[in-house]
Amino acid sequence: MTGFRSLSSGLRSLRPAAFGADPAGERMERIRRSPNFADGVFQNPQGARIRPDGSMIELAKVFFRKEERAHRAPAGTVPVHPTTVADLAKPPVSGLRITWMGHSSVLAEIDGHRVLFDPVWGDRCSPFAFAGPKRLHPVPLPLAALGPVDVVVISHDHYDHLDLPTITALADTDTVFAVPLGVGAHLERWGVSADRLRELDWNESTKIGGLSLTATPARHFCGRGLRNQQHTLWASWVVAGDEHRIYHSGDTGYFEGFKEIGAEHGPFDLTMIQIGAYSEFWPDIHMTPQEGMRAHLDLQGGRPAGAMLPIHWATFNLATHPWVEPGEGTIAAADAAGARIALPHPGEPFEPTGETVPSEPWWRGVAVEPRGGWATLAKAVVTTTSTTPGNPPQASADGSGEPETVPAG
């Protein structure tokens, strides 16, 4: 047996650093005690198929179809906000300011504190520097120019949300990390000390400075390596200060739990909702724009209160839908619901409770206009992406899933 253990240890030492580390010891014991852990894996709050639904051959055909691939990226240069550093040097008037850096990365300045959600400054969301989805636009500012951050919040351990180069850069700072249960193993391997980790199960909270942070349920999955053991949790997050409260969805399919989160922690000044990288091949783990708007309304007690920021789109090509479709679909869904949405350029700070928020569909200037115009596309998006969320069984008995690199994010 000693020889087998030595071989196993040797193989682990060859594991790429970007794969992170598996939970072990007391961390693994805590995972086993979690009410959300059963049959050796973390469970979703509502059944979810986590492997692509349908034939992988059909998925490959759609993903690599030449005539459609051109529509999955901008036709011109994405207009990144040019004065982010100077804008952030001024304090927010309202006490709440949000800067979307692209994809799911968001800087929230809330009641005198700075929270950075899912920071991804790397060029690719992949374990490899030479392959995997590459940025469609540059980061709005260098990470070093961002300034001090009080807490970094991670939603889950997929590559487009937990980025090794970014975390190793932040490991040399004084920031605290709030992460779902099990994710701390990755961060410790990458140089973050255990005393700077706040590792939470669903519905657990921690206080950092004057902020309360709560990990709330989401409907997704986890995994970075070749063997996905489902031993790291995924979460959405509620952050509440003295005057304001915000919500970040992470990655999630629609589920009824949004209503419970809203009743317990809402209403919110801002919700940051995943509306991109959806597909009929994985309908349970990512939301369409229409489902994202439904989640926003649920979180706000059924009313179009506060503002919604669409996230998880425009930065990486992670699905088969056109690049502009999540933005156009969000506009259509917001119009139908009478909801307020913010549509900032990457790097454009805005104050959700101010009189105005960015509202121009900036992406239209760098995309090929569809036949029939933008209104026709918006109508088509509503028709094709409106779905009725179901409650399907798990795809596999062990709850396993693939690392989220290509195509899903």
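As shown above, the structure is provided for reference.
Owing to the predicted nature of the structure, the values given are computational and were not obtained by experimental measurement.

Asker: Would you mind showing me how to read the sheet that holds strand β14 (residues 307-311) here?
Answerer: As a general point, the strands of a sheet are linked pairwise by backbone hydrogen bonds and lie either parallel or antiparallel. Taking strand neighbours across the sheet as the criterion, the 7 strands line up as β9-β10-β11-β12-β13-β14-β15 in an open arrangement whose pairing is mixed. With partners counted over all chains shown, the strands left at the sheet margins are β9 (205-208) and β15 (340-341), one partner each. By the bridge criterion, 4 bridges tie strand β11 (residues 236-240) to strand β12 (residues 245-248) in an arrangement that is antiparallel. Bridge pairing links Ala240 to Arg245 in β12. Running at roughly 150 degrees to strand β13 (residues 270-274), helix α9 (residues 289-299) makes contact with β12, β13, β14 and β15 of the sheet.

Asker: Can you help me understand the pattern of salt bridges in this one?
Answerer: When the charged atoms of two side chains with opposite charge come close together, those side chains can pair. Taken as a whole, this structure holds 13 salt bridges when the rule is applied. Among the ionic pairs, Glu188 bridges to Arg27, the shortest N-O distance being 2.6 Å. Linking Glu188 in helix α7 (residues 184-189) with Arg27 in helix α2 (residues 25-33), this pair joins segments that are 161 residues apart in sequence. For Glu188, a relative accessible area of 35% puts it in the partly exposed group. The class for Arg27 is buried, based on a relative accessible area of 18%. Of the charged contacts, one joins Arg97 and Glu109 as a salt bridge, the two residues approaching to 2.7 Å between their closest N and O atoms. Of this pair, Arg97 sits in strand β3 (residues 96-102) while Glu109 is found in strand β4 (residues 105-110), placing the two residues 12 residues apart along the sequence. Judged by its relative accessible area of 6%, Arg97 falls in the buried class.

Asker: What is the right way to look at unusual backbone geometry in this model?
Answerer: When glycine is set aside, most residues are seen to have a negative phi, and most peptide bonds are trans. Omega for the bond connecting Gly266 with Pro267 falls within 30 degrees of zero, at -5 degrees, which places this linkage in the cis form. Inspection of the secondary structure assignment puts Pro267 in the loop between α8 (257-265) and β13. Phi angles above zero are rare outside glycine, and Asp39 is one such case at about 55 degrees. By relative accessible area, Asp39 is classed as exposed at 74%. Residues other than glycine seldom take positive phi values, yet His312 does so here, at roughly 70 degrees. Here His312 is to be found in the loop between β14 and α10 (325-337). In this structure His312 comes out as buried when scored by relative accessible area, which is 1%.

Asker: For this particular structure, what's the right way to read the pairing of β9?
Answerer: Look at any regular strand and the pattern is simple: side chains alternate between the two faces of the sheet. What you see with β9 is a clean split: Thr206 and Ile208 sit on the buried side and Ser205 and Lys207 on the side with no burial. With 4 bridges joining them, β9 and strand β10 (residues 211-216) adopt antiparallel strand pairing. Following the sheet pairing, Lys207 is matched in β10 by Ser212. Count of turn residues in the β9/β10 antiparallel hairpin: 2 residues, of which Gly209 carries a positive phi of about 60 degrees.

Asker: Please clarify how the side chain of Arg114 should be interpreted in this entry.
Answerer: Residue placement: Arg114 occurs in strand β5 (residues 113-117). Looking at Arg114, its side chain comes within polar contact range of the main-chain oxygen of Leu146, at 3.0 Å. From its side chain, Arg114 meets the backbone oxygen of Pro148 in a polar contact 2.5 Å long. Leave out the neighbours within four places in its chain, and Arg114 touches Leu88, Leu107, Ala108, Glu109, Leu146, Gly147, Pro148, Val149, Asp150 and Val151.

Asker: Before we go on, may I ask you to explain the side chain of Thr252 in this structure?
Answerer: Secondary-structure assignment places Thr252 in the loop between β12 and α8. Look at Thr252 and you get buried, because its relative accessible area is 0%. A polar side-chain atom of Thr252 sits 2.9 Å from the main-chain amide nitrogen of Arg219. For Thr252, the contacting residues outside a window of four places in its chain are Ala218, Arg219, His220, Phe258, Gln274, Ile285, His286 and Met287.

Asker: How should the environment of Val115 be read in this particular structure?
Answerer: For Val115, the location among the structural elements is in strand β5. As for Val115 and Val176, which are separated by 61 residues in sequence, their C-alpha atoms are 9.7 Å apart.

Asker: Looking at this structure, I do not really get the pairing of β14. What am I missing?
Answerer: Within β14, 5 of the 5 residues are buried, which leaves it mostly tucked inside the rest of the structure. Along β14, one buried face is formed by Ala307, Leu309 and Ile311 and the opposite face, lined by Met308 and Pro310, is buried too. Handedness of the crossover joining β13 and β14 through α9: right-handed. By the bridge criterion, 2 bridges tie β14 to β15 in an arrangement that is parallel. Its bridge partner lying in β15, Ala307 is registered against Arg340. Regarding topology, α10 serves as the crossover connection from β14 to the parallel β15, and that connection is right-handed.

Asker: Mind showing me how you'd approach the nonpolar core here?
Answerer: One recurring pattern in soluble globular proteins is that nonpolar side chains are buried together. Among the nonpolar cores identified, the biggest contains 71 residues, and Val115, Phe117, Leu213, Trp237, Ile246, Leu309 and Trp323 are the most heavily contacted of them. Excluding residues within four positions of it along the chain, Val115 makes contact with Val106, Leu107, Ala108, Ile110, Val151, Val153, Leu211 and Val239. One finds Leu116, Cys125, Leu141 and Phe281 within the second-largest nonpolar core, a separate group that totals 38 residues.

So, how was this worked out
Note on numbering: residues in each chain are counted from 1, in written sequence order. Confidence filtering applies because this is a predicted model: local features only for residues at pLDDT of at least 70, side-chain atom pairs given and counted only at 80 or more, and all residues used for totals across whole chains, interfaces and linings. To obtain the side-chain values, all non-hydrogen atoms of the structure were used and water was disregarded. A pair of strands counts as paired when DSSP detects no fewer than two bridges linking them. Strands here are runs of E lasting at least two residues and helices are runs of H or I lasting at least four, both read from the DSSP assignment and numbered beginning at the N terminus. We call two residues in contact whenever any of their non-hydrogen atoms come within 4.5 Å of each other. Only the contacting stretch of a helix is used when fitting its axis, a line to C-alpha atoms as for every element, and angles between N-to-C directions run 0 to 180 degrees. Within this document, salt bridges are pairs made up of a side-chain nitrogen of Lys or Arg and a carboxyl oxygen of Asp or Glu, the two lying within 4 Å of each other. Burial classes: relative accessible area under 20% of the type maximum marks a residue as buried, over 50% as exposed, and values in between as partly exposed (1.4 Å probe, protein chains only). Pairing of N or O atoms within 3.5 Å defines a polar contact, subject to two protein rules: one partner must be a possible hydrogen donor and the other a possible acceptor, and residues neighboring in sequence count only if both atoms are side-chain atoms. Here the term right-handed applies to a crossover when the path leading from its first strand over the helix to its second strand runs clockwise, the strands being oriented away from the viewer. Residue types Ala, Val, Leu, Ile, Met, Phe, Trp, Tyr and Cys, when buried and joined through side-chain atoms within 4.5 Å, form a set referred to as a nonpolar core.

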